[in-house]
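Okay, here's what each chain looks like letter by letter:
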Amino acid sequence: MRTELLLLFLVVGAGNYLMRFLPLLWALRSASTGEGSETAGDRRLNRLLPYVGPSVVAALLVTSILPETRDGTELLRPGLALLPTLFIAVRSGNLGLTVLVGVLAYWLVSLPT
Amino acid sequence: MVMAAISLVLGVRHVLYGPSLAPNLRRTGAGRVAVSAFGLTDEVFAVASARLPRRSPGTNFGRLLGLGTGAYTSWALGTWSGAVAGSAVLDALPSLAPALSFALPALFVALLVTLVRSAGPATGGARSPVAGAILVAAAVAATLYVAGLESWSVPAAGVAGSAGGLLIRWGRDNED
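Residues numbered from 1 in each chain as written. Chains lettered and ligands numbered in written order. Predicted model: local features only at pLDDT ≥ 70, side-chain atom pairs only at ≥ 80, totals over all residues. Heavy atoms only, no water.

*Asks:* It is not clear to me how the overall build of chain B should be interpreted in this structure. Could you clarify?
*Replies:* Each helix and strand in chain B was counted, giving ten helices and zero strands. When the helices and strands of chain B are placed in sequence order, the string is α-α-α-α-α-α-α-α-α-α. Along the three orthogonal principal directions, the C-alpha set of chain B runs to about 60 × 40 × 40 Å. Taking the intrachain contacts of chain B between residues at least 6 apart in sequence as the baseline, contacts between residues at least 24 apart amount to 67%. Positive and negative side-chain charges of chain B, numbering 12 and 7 respectively, have mean locations separated by a distance of 14 Å. (Helix = DSSP H or I, 4+ residues; strand = E, 2+ residues; numbered from the N terminus. Contact = heavy atoms within 4.5 Å. Lys, Arg positive; Asp, Glu negative; His and termini not counted. Charge placed at Lys NZ, Arg CZ, Asp CG, Glu CD.)

*Asks:* Honestly, the interface of chain A and chain B in this entry has me stumped. Any pointers?
*Replies:* Interface size is commonly expressed as the accessible area that is lost once the parts come together. At the interface, 57 residues of chain A touch 81 residues of chain B. Carbon and sulfur atoms make up 77% of the area that chain A and chain B hide from each other, which totals about 6,100 Å². For chain A, the biggest contributors to the area lost against chain B are R20, Y51 and L95 of chain A; these three give 13% of the whole. Applying the counting rule to chain A against chain B returns zero salt bridges. The interface formed by chain A and chain B includes six residue pairs in polar contact (both at pLDDT 80 or more). Every element with two or more residues in the side of chain A that touches chain B is listed here: α1 (2–33), α2 (40–48), α3 (52–65), α4 (76–92) and α5 (95–109) of chain A. Looking at the side of chain A that touches chain B, the element that brings in the most residues is α1 of chain A, giving 17 residues. Its residues assigned to classes, the side of chain A that touches chain B comprises 39 nonpolar, twelve polar and six charged. (Buried area = accessible area lost by both parts, 1.4 Å probe. Salt bridge = Lys/Arg side-chain N within 4 Å of Asp/Glu carboxyl O. Polar contact = N/O pair within 3.5 Å; in protein donor to acceptor, adjacent residues only side chain to side chain. Nonpolar A, V, L, I, M, F, W, Y, C, P; charged D, E, K, R; others polar.)

*Asks:* It is not clear to me how the pattern of salt bridges should be interpreted in this structure. Could you clarify?
*Replies:* When charged atoms on two side chains of opposite charge get close, those side chains can pair. All names here are of chain B. Considering all chains together, one arrives at one salt bridge over all chains under this definition. For D42, the salt bridge identified is with R13, shortest N-O distance 2.8 Å. With D42 in helix α4 (residues 42–51) and R13 in the loop between α1 (2–10) and α2 (14–21), this pair connects stretches of sequence that are 29 residues apart. Here D42 and R13 have matching classes, each one buried. (Buried < 20%, exposed > 50% of the residue type's maximum accessible area, 1.4 Å probe, protein only.)

*Asks:* Would you take a moment to explain the nonpolar core for this structure?
*Replies:* Within the largest apolar cluster, 54 residues are counted, with the highest numbers of intra-cluster contacts made by V56 of chain A together with Y17, L25 and L111 of chain B. No other element matches the nine residues that α3 of chain A contributes to this core. Apart from residues lying up to four places away in sequence, V56 of chain A is in contact with L16, Y17, F45, V154 and G158 of chain B. Core analysis: the next-biggest nonpolar cluster, separate from the first, contains seven residues, V103, A105 and Y106 of chain A together with A99 of chain B among them. (Core = buried A, V, L, I, M, F, W, Y, C linked by side-chain atoms within 4.5 Å.)

*Asks:* What am I meant to see in the confidence of the model for chain A here?
*Replies:* The predicted coordinates should not be examined in detail at positions where pLDDT is low. With 82% of its residues at a pLDDT of 70 or more, chain A shows a mean pLDDT of 83. Taken element by element, chain A is modelled with least confidence in α2 of chain A, mean pLDDT 73, and with most confidence in α5 of chain A, mean pLDDT 92. (pLDDT = per-residue confidence, 0-100.)

*Asks:* Explain the side chain of R20 of chain A to me, please; I cannot follow it from the model alone.
*Replies:* With respect to the secondary-structure elements, R20 of chain A resides in helix α1. Although buried, R20 of chain A forms no salt bridge, and the nearest oppositely charged side chain, D42 of chain B, lies 7.0 Å from it. Here the side chain of R20 of chain A touches L40 of chain B through a polar contact of 3.4 Å, landing on its backbone oxygen. Excluding its chain neighbours within four sequence positions, the residues that come into contact with R20 of chain A are H14, A37, F38, L40 and T41 of chain B.

Next comes the structure, spelled out in structure tokens:
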């Protein structure tokens, strides 16, 4: 049982690491060798990549809010807390301040009334 | 083996992170790539994709390594202080616990605003394709998540949102 568990950790750890490492290595290598000789497929991929960041962060935002609403009742609190958070994010552009205001806002709206 | 497969599927989204950051990085030794890949978590990727495009590619590898090291260190320190101090703070202020979990969504909101603002020449200089990508990604992520396909929601939204952004850009380019 113990060796089985260790093997599981090893397989999952190695797999998870390689999923981060190999695509990064591949992308860096093909970017530096492919200048002038890039295929149409490479060009399409390169035009797609700038949108991956915003798309993934949007998905992370959605999936980081939804777990609390699993029972389908509580969308109100995170929804209310998002408003001042978004306001400060747009006004200040400061990551730390936005996180602080977000936590404070969520704390205020979830105080028992 | 089923457990291993489930855990690996949970990590599929990480496949997108390296190629997405690569245009902002210069080619470097495999050793440094290996170390920075180790630190490429959701949070590190989110901050890096908002910050790196505004800096010079020559020094960005150092920034990525610093981000990964900083995140890993604060994670370890946070775990350690939590283990040592126990629940002292939360016992005093129990209402704080759910509020702290809102730190992550708040960080992602701040990063999204930065990403829309910094829509640079790579996306045609316009904000609407980026905003469109965000809306498509959010809708796809929410739908899959509610349907019970949590581990696929982020990678699928990453691909669908990017495709949406590119389509909007093509639409705009063809109007002119």
